[in-house]
Amino acid sequence: SFYTNDVVIGSTKMLLENSSLGYNNRVALTAFGTADDPLYTTDFFTNATDVKEFLYNTPTIKNNVTNYSGGLKGALDIIKKNKTEGRQPVVIFVSDGYPEGLSGDQIYGLEHARTLREQGYRVYPISIFDDSGDSQRLNNLKNISYDEKTAYLAEDSSAFQSVMEDVLEDVVNAAVPL
């Protein structure tokens, strides 16, 4: 959806154009698929304009399904394919819906989240456009986070901006100096 594209573009700008972070950041994207596979994965971008162009030329949803496993598998695939010495990948997991898709627990992403944690990668789940305070949605997101306790809710664009600032601060504070 275009709202989700705008959120992703905004967060990409924060990651790539904020020199005060003091890091040479890169961004790769993946989108939920219909099963245990992502709709797509990308290589890394270093320019927010390229991300914007990609998003507006690529469908971001397929059958309107939010399968957490597909998104997290895409993140794992990107990390494995692009592992670079001296870089510590983090996953910022943005969802505007409940996990859904095929039947069974695989839609919740628990296996892939566990693999990411075991390999030392932090997952920051963010629920966007959520003003319901729904505890089940929040619990689903906590279950895939780096500590199985942390999840963020952003009911609008302003709240998302604030959440991203908190996430980026935590990413920087948790980073291991080279």
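Given the structure is predicted, the values throughout are model-derived calculations rather than measurements.

The rules behind the values
Residues numbered from 1 in each chain as written. Predicted model: local features only at pLDDT ≥ 70, side-chain atom pairs only at ≥ 80, totals over all residues. Heavy atoms only, no water. Helix = DSSP H or I, 4+ residues; strand = E, 2+ residues; numbered from the N terminus. Expected span 1.5 Å × (residues − 1). Buried < 20%, exposed > 50% of the residue type's maximum accessible area, 1.4 Å probe, protein only. Polar contact = N/O pair within 3.5 Å; in protein donor to acceptor, adjacent residues only side chain to side chain. pLDDT = per-residue confidence, 0-100. Contact = heavy atoms within 4.5 Å. Arc of directions from axis to C-beta.

Asks: Help me understand helix α3 (residues 68–81), please; the structure alone is not making it clear to me.
Replies: Because an α-helix completes one turn every 3.6 residues, residues spaced three or four positions apart along the sequence face the same direction. For α3, with 14 residues, the first-to-last C-alpha span of 20 Å sits near the 20 Å given by 1.5 Å per residue. Within the sequence span of α3, burial applies to Tyr68, Ser69, Gly70, Gly71, Leu72, Gly74, Ala75, Leu76, Ile78 and Ile79. A distance of 2.9 Å separates the backbone nitrogen of Ser69 from a side-chain oxygen at the start of α3, and that oxygen is part of Asn67.

Asks: How should I be thinking about the confidence of the model for the protein in this particular structure?
Replies: Predicted coordinates in regions of low pLDDT should not be interpreted in detail. Of all residues in the protein, 80% attain a pLDDT of 70 or more, and the chain-wide mean is 80. The spread of mean pLDDT over the elements of the protein runs between helix α1 (residues 2–17), the lowest at 75, and helix α4 (residues 110–118), the highest at 92.

Asks: Would you explain the environment of Leu29 in this entry?
Replies: Tracing the sequence through the fold places Leu29 in the loop between α1 and β1 (30–31). Look at Leu29 and you get buried, because its relative accessible area is 8%. A C-alpha to C-alpha distance of 9.8 Å links Leu29 and Phe54, two positions 25 residues apart in sequence. With residues near it in sequence (within four places) discarded, Leu29 still touches Val8, Tyr40, Thr41, Thr42, Phe45, Val51, Phe54, Leu55 and Ile78.

Asks: How do you make sense of helix α2 (residues 48–56) when you look at a structure like this?
Replies: Every buried residue belonging to α2 is among Ala48, Val51 and Leu55, and all of these are buried. Looking straight down α2, one finds its buried side chains confined to an arc of 55°; they lie on one side. Counted as exposed and oriented over 90 degrees from the buried face of α2: Thr49 and Glu53.

Asks: Which parts of the structure should I look at to understand the side chain of Asn82?
Replies: Here Asn82 is to be found in the loop between α3 and β3 (90–95). Looking at Asn82, its side chain comes within polar contact range of the main-chain oxygen of Ile78, at 2.9 Å. The contact partners of Asn82, leaving out residues within four places of it in the chain, are Arg26, Asp43 and Phe44.

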